[in-house]
Amino acid sequence: MKKALSVLLTAAMAASMMAGCGSSSDGAASGTTTDNGAAAGTESAGAAAADGAAFKIGGIGPTTGAAAIYGTAVMNGAQIAVDEINAAGGINGYQIAYKFEDDQHDAEKSVNAYNSLKDWGMQMLMGTVTTTPCVAVVEKTAEDGMYELTPSASSTDVIDNDNVFQVCFTDPNQGTASAQYIGENKLAAKVAVIYDSSDVYSSGIEANFVKEAQNQGLEVVAEEAFTADSKTDFSTQLQKAQSAGAELVFLPIYYTEASIILTQADSMGYAPTFFGCDGLDGLLGVENFNTELAEGVMLLTPFAADADDEKTQSFVTKYKEAYGDTPNQFAADAYDAIYIIKAAAEQAGVTPDMSVADIGSALEAAMAEISVDGLTGDSMTWQATGEVSKAPKAVVIKAGAYSAM
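Residues numbered from 1 in each chain as written. Predicted model: local features only at pLDDT ≥ 70, side-chain atom pairs only at ≥ 80, totals over all residues. Heavy atoms only, no water.

Draft legend 1. Structural view of the sheet that holds strand 11 (residues 372-374). On the basis of which strands lie adjacent, the open sheet formed by three strands has the order 11-12-13 and antiparallel pairing. Looking along the sheet, the strands with just one partner apiece sit at the ends: strand 11 and strand 13 (388-389). Sheet strands in contact with helix 11 (residues 329-348) are strand 11 and strand 12 (377-382), and its direction is about 55° off that of strand 12. (Pairing = 2+ DSSP bridges. Helix = DSSP H or I, 4+ residues; strand = E, 2+ residues; numbered from the N terminus. Contact = heavy atoms within 4.5 Å. Axes fitted to C-alpha atoms, helices over the stretch in contact; angles between N-to-C directions.)

This is the structure in C-alpha cells:
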C-alpha cells in the first residue's frame, strides 16, 4: 500500500526555524565490509553470525566515486554504533553482524549490492545512502518485505512503500525549511537558485524552496538549472544571478558541483551569500578546492561536530580516533540509524530466527511507537509516511570548519 506523501513541515520544524535555529570484501581491513562488532567482541560476534544467532544488518552506499564522502561517512558512523551496541550486549541479547557494500552512487550497482547482501543473509537494510540508487532498491525491499531505514536518501520517492523510513529530512522539508530560515533571519531580499534539474534530490528541494520563498517575502530573481551532462561550467548561471542582483544563491546540490560554483563565482568577482542543504556537507573535503572560498557558506543540517553536548563529543572523539577525520552529518545520520533499528527491534521483540518479512512487519509497526534521542535530533518520531519528525539546525563554515548557528 502506498503512503500518502507529506510535503509540510512538522510543528517542531516550524518552531525551530522561527527560533533561528571500492569493492567490498569479507574482512574489516578493507574498510568497506565488516562482519563483526566491537574489536573486543569480534570473536563472539563472528561466532554468532556463523550459527545464525545474530542480527544481520546490511548497508549500501558509495565508498568510491564522486559521492564517496557520503557513503564512507555512513559506513563508518554505523560501524561505531554497531561496536557500541555489541559491546553492551547487542539487541535483545544478540550481536549485530554488519556488512556494507559500495554502489558508487549508481542505481544498477545498488541493486546488485542489495542482492549480494541478501545472499549473505541480510535481515534489515540501513541504506541506501543516496536518493537515485535508493529509489531503485526500495522496490526490491518492498517485494521481500524487508525493513529499510535510509540515513540520507531524502526524496519522498524513497518512502512510497510502507517498509521504508528515513533518518534525514525529506527534500520538500529541506526546501521549505531553507526558505523559512533565510526569510526569518533576513539573510537576503533577492535570491537566486542554481539546481540540477536531472536529479530528483536537487529538483525536489528547489521546487519547494521557491514556493516557500514567496511566503517569506523573498524575491527569486533567477532559477538556473543544469544537468548531469553540464555540471562543469556554471558561468552562465552565475552571470544571470549576478545581473539580477541576487544577494544570496541557494544551492540544493552536491558538494562537488558547489565547489566549482564557488570557484567560478570568485573568479568573476561575485560574492553573494551561499546557502545549501545536506548535499553541501562534504564541501571542505573536495580535492584541490580552496576551502577559503567556502568561508561563510551556510547549510541546513541536523548535526554540528562542534556542539558541546556529551553525546556529540563522544561520537566525534571515537570517529576521529578510528578514522582520523571529523564526522559529518551523514556519519551522524548512520550512527542514529543503527540505534533507531535497535530501538524498533527491542520494541518489537524480534529475534534473528524470524523470517525477513516477519522482522520487517514487526519493525514497521514499532516505528510508530518509538521515540529516539540521537545525534541528529532529540525525541525523534516517525510518521506513517516514513518521514522523521525532528527539529532542523543550520551551520556556517568558519575558519575551515562547520560551526553551529
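And the narrative resumes.
Draft legend 2. Examining the state of the cysteines more closely. Applying the stated rule across the entire model yields zero disulfides. The thiol sulfur of Cys-134 is not disulfide-bonded, and the nearest other cysteine sulfur, from Cys-168, lies at 8.6 Å. By relative accessible area, which is 0% here, Cys-134 ends up buried. (Disulfide = S-S within 2.5 Å. Buried < 20%, exposed > 50% of the residue type's maximum accessible area, 1.4 Å probe, protein only.)

Draft legend 3. Fine view of the pattern of salt bridges. Scanning all chains against the criterion turns up five salt bridges. Glu-224 is the partner of Lys-240 in a salt bridge, and the nearest nitrogen-oxygen pair spans 3.8 Å. Taken together, the positions of Lys-240 in helix 8 (residues 235-243) and Glu-224 in strand 7 (residues 219-226) put the pair 16 residues apart, joining distant regions of the chain. Residue Glu-224 is classed as buried on the basis of its relative accessible area, which comes to 14%. The closest approach of N and O atoms between Lys-231 and Glu-257, which form a salt bridge, is 3.4 Å. Residue Lys-231 is found in the loop between strand 7 and helix 8, and its partner Glu-257 is found in helix 9 (residues 255-267); the two are separated by 26 residues along the sequence. The exposure class of Glu-257 is buried, given its relative accessible area of 8%. (Salt bridge = Lys/Arg side-chain N within 4 Å of Asp/Glu carboxyl O.)

Draft legend 4. Highlighting helix 6 (residues 171-184). If you check helix 6, its first and last C-alpha atoms are 20 Å apart, about what 14 residues at 1.5 Å a residue would give, namely 20 Å. A large share of helix 6 lies buried, amounting to 13 of its 14 residues. Phi turns positive one or two residues past the end of helix 6, at Lys-186, with a value near 50°. (Expected span 1.5 Å × (residues − 1).)

Draft legend 5. Highlighting the packing of helix 3 (residues 68-87) against helix 11. Two numbers describe how helix 3 lies on helix 11: the axes approach to 7 Å, and their chain directions differ by 40°. Taken as axis vectors, helix 3 and helix 11 run oblique relative to one another. As helix 3 runs across helix 11, the sense of the crossing is right-handed. For the pair formed by helix 3 and helix 11, the contact residues are Tyr-70, Ala-73, Val-74, Gly-77, Ala-78, Ile-80, Ala-81, Val-82, Glu-84 and Ile-85 on the first element and Phe-330, Ala-331, Ala-334, Tyr-335, Ile-338, Tyr-339 and Lys-342 on the second. (Parallel < 35°, antiparallel > 145°, perpendicular 65-115°, else oblique. Left-handed = near helix turned anticlockwise from the far one by under 90°.)

Draft legend 6. Main features of helix 11. Given a rise of 1.5 Å per residue, 20 residues ought to cover 28 Å, and the 28 Å separating the end C-alpha atoms of helix 11 matches this to within 8%. The opening residue of helix 11 is Asn-328, an N-cap whose side-chain oxygen sits 3.0 Å from the backbone nitrogen of Phe-330. At the exit of helix 11 stands Gly-349, carrying a positive phi of roughly 70°. (Polar contact = N/O pair within 3.5 Å; in protein donor to acceptor, adjacent residues only side chain to side chain.)

Draft legend 7. Local environment of the pairing of strand 14 (residues 393-398). For strand 10 (residues 298-301) and strand 14, the ladder comprises four bridges, and the chain directions are antiparallel. Residue Leu-300 lies in a different strand from strand 14, and its bridge partner there is Ala-394. Inspection of the sheet shows strand 14 paired to strand 15 (residues 401-404) by four bridges, in the antiparallel sense. Directly across from Val-395, in strand 15, lies its bridge partner Ala-404.

Draft legend 8. Expanded view of a negative patch on the surface. A cluster of acidic residues, Asp-306, Asp-308, Asp-309, Glu-310, Asp-373 and Asp-378, forms a negative patch at the surface. Structurally, the position occupied by Asp-373 is in strand 11. Residue classification places Asp-373 among the partly exposed residues on the basis of a relative accessible area of 46%. (Patch = residues over 30% accessible without salt bridge, like charges linked within 9 Å, V, L, I, M, F, W, Y side chains within 5 Å. Areas by Shrake-Rupley, 256 points an atom, 1.4 Å probe, with all protein chains shown as cover. Lys, Arg positive; Asp, Glu negative; His and termini not counted. Charge placed at Lys NZ, Arg CZ, Asp CG, Glu CD.)

Draft legend 9. Layout of the packing of aromatic side chains. The tally for this structure, following the rule as stated, stands at 15 aromatic pairs. Each ring, one from Phe-315 and one from Tyr-335, has its centre 4.8 Å from the other, and the planes form 55°; the classification is tilted. A residue pair is termed long-range when its members are at least 10 positions apart, and Phe-315 in helix 10 (residues 310-323) and Tyr-335 in helix 11 qualify at 20 residues. Judged on exposure class, the residue Phe-315 and its partner Tyr-335 are both buried. Ring geometry for Tyr-335 and Tyr-339: centres 5.1 Å apart, planes at 45°, overall tilted. On the criterion of helical spacing, the pair formed by Tyr-335 and Tyr-339 is a turn pair, its members being four residues apart in helix 11. (Phe/Tyr/Trp six-rings, centres within 6.5 Å; stacked < 30°, edge-to-face > 60°.)

Draft legend 10. Region of the structure containing the pairing of strand 4 (residues 147-150). Burial of strand 4 is two-sided: the residues Tyr-147 and Leu-149 facing one way and the residues Glu-148 and Thr-150 facing the other way are all buried. Across three bridges, strand 3 (residues 124-126) lies against strand 4 in parallel orientation. By the bridge assignment for strand 4, Leu-125 is matched with Glu-148. On the question of chirality, the crossover connecting strand 3 to the parallel strand 4 by way of helix 5 (residues 131-144) is right-handed. In this structure, strand 4 lies alongside strand 5 (residues 164-166), joined through three bridges in parallel fashion. Among the inter-strand pairings, Thr-150 is bridged to a residue of strand 5, identified as Gln-166. (Right-handed = clockwise from strand over helix to strand, strands pointing away.)

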